[in-house]
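# Close look at the chain arrangement
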Amino acid sequence: MITLPTAIGSTILTLSLLLQPIPASASDYGSFTAEQKFVAESWRIVDQFYIDRTFNHQNWFQVRQDALKKKYKNMDEARAEVEKITGSLGDRYTRYLPPAKYDSIVNAATGSVFGVGVELAQDKEGMKVIASDVEPS
């Protein structure tokens, strides 16, 4: 997953990348491996939505060319490349999230997280931490 900045404070627009076949947009695109297609699609999403068109003062198209010339042994190597590419932008809101991390963030944001229903507070003197507002089971 790649997260990109939006106009609303630090809200993060999260885009999910599917590892399904992607329609070809160039004549040689069909000859790419699944890993190269993943890298190309990740690059395309950042290219489309990234606000700073200088891409941290780097030749963004050359970044794509260099990444697509590589032969990845597996999807983990392709994911590491996408992480490196997004990291080169120097933007804390633009990064690759592995599927498990993405699911964790989505679950936390949508309220699918479970807990024991306890609120922690300090006593009046500020000396002790106490459990308050315990929810009945």
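Every chain's residues receive numbers from 1 upward, in the order its sequence appears when written. In keeping with the predicted nature of the model, local features appear solely for residues at pLDDT of at least 70, side-chain atom pairs appear and are counted solely at 80 or more, and the whole-chain, interface and lining totals rest on all residues. For side-chain calculations, the full set of non-hydrogen atoms in the structure is used, while hydrogens and water are omitted.

This brings us to the pairing of strand β5 (residues 129-132). We treat two strands as partners when DSSP finds at least two bridges between them. Under the scheme used here, helices are H or I runs from DSSP no shorter than 4 residues and strands are E runs no shorter than 2 residues, and both carry numbers assigned from the N terminus. Bridge count for strand β4 (residues 119-122) against β5 is 4 bridges, and the pairing is antiparallel. Directly across from E119, in β5, lies its bridge partner S132. The turn joining β4 and β5, which pair antiparallel and follow one another in sequence, is formed by 6 residues; a positive phi near 75° is taken by G126.

Time to look at the nonpolar core. Buried Ala, Val, Leu, Ile, Met, Phe, Trp, Tyr and Cys residues form a nonpolar core when they are joined through side-chain atoms within 4.5 Å. The buried label applies to any residue whose accessible area, calculated with a 1.4 Å probe on protein chains only, is under 20% of its type's maximum; exposed applies above 50%, and partly exposed to all values in between. Counting 19 residues, the largest nonpolar core has V39 and W60 as the members making the most contacts within it. Mapped onto this core, the elements with two or more residues apiece are α1 (34-49), α2 (60-69) and α3 (75-87). Examining the composition of this core, we find that 5 residues originate from one element, α1, more than from any other. Sequence-distant contacts of V39, defined by excluding residues within four places in its chain, comprise A67, L68, Y72, A78, E81, V82 and I85. Contacts are residue-level and defined by heavy atoms, with any inter-residue pair within 4.5 Å sufficient.

Each salt bridge in this description consists of a side-chain nitrogen of Lys or Arg and a carboxyl oxygen of Asp or Glu lying within 4 Å of one another. Following the criterion strictly, the structure yields 4 salt bridges and no others. Residue K70 is joined to E81 by a salt bridge in which the shortest nitrogen-to-oxygen separation is 2.9 Å. Placement of the pair is K70 in the loop between α2 and α3 and E81 in helix α3, with a sequence separation of 11 residues. A relative accessible area of 9% places E81 in the buried class. For D76, the salt bridge is made with R79, and the minimal N-O distance between the two is 3.5 Å. Of this pair, D76 and R79 both sit in helix α3, 3 residues apart, which is roughly one turn of the helix. Judged by relative accessible area, which is 53%, D76 ranks as exposed.

Time to look at unusual backbone geometry. Residue F55 is not a glycine yet carries a positive backbone phi of 50°. Assignment of secondary structure puts F55 in the loop between α1 and α2. For F55, a relative accessible area of 4% translates into the label buried. Although it is not a glycine, H57 sits at a positive phi angle of roughly 60°. Positionally, H57 belongs in the loop between α1 and α2.

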